[in-house]
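Listed below, chain by chain, are the residues.
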Amino acid sequence: MAGTRGRQTVRDMLLSLAVIGVLVAVIYIFIPHDDSGTAEKKAVLTVDTRVETATARRAAPYPIAAPEGLPKTWRTTSVSYRATEDGKGGAWHLGLLDPEQQYAAVEQSDAAAEKFIKEVTLGASRAKGEQAVGSKKWDRYKGEKYNALVREEPGVTTVVTGTAPYGRLAELAAALVAKKG
């Protein structure tokens, strides 16, 4: 009698598993899902930066750098300008995804350069060599999470940083046009 009871328990368990499997299959079939590569692209919203860029260019005490002429395969995902009450230390941020879906950002501030660079590069350190971007030289920074190209000028530090490789960061840096509004 004990042997029959053990077989019933196993049989009941297998029947329960079969019912669960059928339910999972039905849910998978009838719930919409997108397995294509475009699903990843649609998961991150693209933002229009025109108004924010114009506003930041009027508010900032330094010329705000924004890309012009980047291919449409670059997508802007975030934009902000944070002013300070004393007019110093204002920060411009523009986040993008490059054509390979790697993150890149333009960060600018008139705050103390060393602290600002460490903050926006997530602790990257100065690396050997410079990166030629047009007629200008940018310092290279390397970090565990982000690499960066940094250009310090009187009154403003510009950092192009992210998970994108140096070549893509240089492409973004080359497209930057600094303007005051």
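Up top is the structure.
How each quantity is defined
Residues numbered from 1 in each chain as written. Predicted model: local features only at pLDDT ≥ 70, side-chain atom pairs only at ≥ 80, totals over all residues. Heavy atoms only, no water. Phe/Tyr/Trp six-rings, centres within 6.5 Å; stacked < 30°, edge-to-face > 60°. Helix = DSSP H or I, 4+ residues; strand = E, 2+ residues; numbered from the N terminus. Buried < 20%, exposed > 50% of the residue type's maximum accessible area, 1.4 Å probe, protein only. Lys NZ or Arg CZ within 6 Å of the ring centre and 35° of its normal. Pairing = 2+ DSSP bridges. Axes fitted to C-alpha atoms, helices over the stretch in contact; angles between N-to-C directions. Contact = heavy atoms within 4.5 Å. Arc of directions from axis to C-beta. Polar contact = N/O pair within 3.5 Å; in protein donor to acceptor, adjacent residues only side chain to side chain. Salt bridge = Lys/Arg side-chain N within 4 Å of Asp/Glu carboxyl O.

1. Some details on the packing of aromatic side chains
Step number 1: Applying the stated criterion to the full structure yields 1 aromatic pair.
Step number 2: Ring geometry for Y103 versus Y146: centroids 5.8 Å apart, planes at 35°, classification tilted. Of the two residues, Y103 sits in strand 4 (residues 103–109) while Y146 sits in the loop between strand 6 (136–142) and strand 7 (147–153), which places them 43 residues apart along the sequence.
Step number 3: We classify Y103 as partly exposed; its relative accessible area is 21%.
Step number 4: Over the ring of Y166 we find R140, and its NZ or CZ is 4.1 Å from the ring centre.

2. Re the sheet that holds strand 6
Hydrogen bonds between backbone atoms are what pair the strands of a sheet, whose relative direction is either parallel or antiparallel.
Step number 1: The 7 strands are arranged 2-3-4-8-7-6-5 in an open sheet whose pairing can be described as antiparallel. Of all the strands in the sheet, the pair left with one neighbour each is strand 2 (75–82) and strand 5 (125–133). Recorded for the sheet is a direction-independent mean angle of 20° between the axes of neighbouring strands.
Step number 2: Seen against the sheet, helix 5 (residues 166–175) touches strand 3 (91–97), strand 4, strand 5, strand 6, strand 7 and strand 8 (156–162) and runs at an angle of roughly 35° to strand 7.

3. Let's talk about helix 4 (residues 113–120)
Step number 1: Buried residues of helix 4: A113, F116, I117 and V120, and no others. Down the axis of helix 4, the buried side of the element spans an arc of 100°, and every buried residue falls inside it. Turned more than 90 degrees away from the buried face of helix 4 sit E114 and K115, all of them exposed.
Step number 2: Buried residues belonging to helix 4 abut strand 4, strand 6, strand 7 and strand 8.
Step number 3: Where helix 4 terminates, the next one or two residues include L122, which has phi positive at roughly 55°.

4. Some points on unusual backbone geometry
Step number 1: A positive phi angle is found at Q101, which is not glycine, with a value near 65°.
Step number 2: Relative to the helices and strands, Q101 resides in the loop between strand 3 and strand 4.
Step number 3: Look at L122: it is not a glycine, yet its phi comes out positive at around 55°.
Step number 4: Along the polypeptide, L122 turns up in the loop between helix 4 and strand 5.

5. Quick word on the side chain of D98
Step number 1: Structurally, D98 can be placed in the loop between strand 3 and strand 4.
Step number 2: Among the residues examined, D98 registers a relative accessible area of 0% and is labelled buried.
Step number 3: A polar contact is formed between the side chain of D98 and the backbone nitrogen of E100, at a distance of 2.8 Å.
Step number 4: Once you skip the residues sitting within four places of it in the chain, D98 turns out to touch T73, W74, A164, P165 and R168.

6. Here's the deal with the pairing of strand 8
Step number 1: Counted residue by residue, strand 8 has 7 buried out of 7 residues, so it is predominantly covered.
Step number 2: Residue alternation in strand 8 divides its side chains into two sets, V156, T158, V160 and G162 and T157, V159 and T161, and both sets are buried.
Step number 3: Bridging between strand 7 and strand 8 involves 7 bridges; their strand directions are antiparallel. When the bridges of strand 8 are listed, L149 appears paired with V160.
Step number 4: A loop of 2 residues connects strand 7 with strand 8, the two strands running antiparallel in sequence, and G155 in this loop sits at a positive phi of about 85°.

7. Notes on the pattern of salt bridges
Step number 1: Tallying each qualifying case throughout the model produces 8 salt bridges.
Step number 2: Between K179 and E68 there is a salt bridge, and its shortest N-O distance comes to 3.1 Å. One end of the pair, K179, is in strand 9 (residues 176–179); the other, E68, is in the loop between strand 1 (64–67) and strand 2, with 111 residues separating them in the sequence.
Step number 3: Residue K179 is classed as partly exposed on the basis of its relative accessible area of 37%.
Step number 4: E68 sits in the partly exposed class, given a relative accessible area of 39%.
Step number 5: Connected through shared salt-bridge partners, D98, E100, R168 and E171 make up one network.

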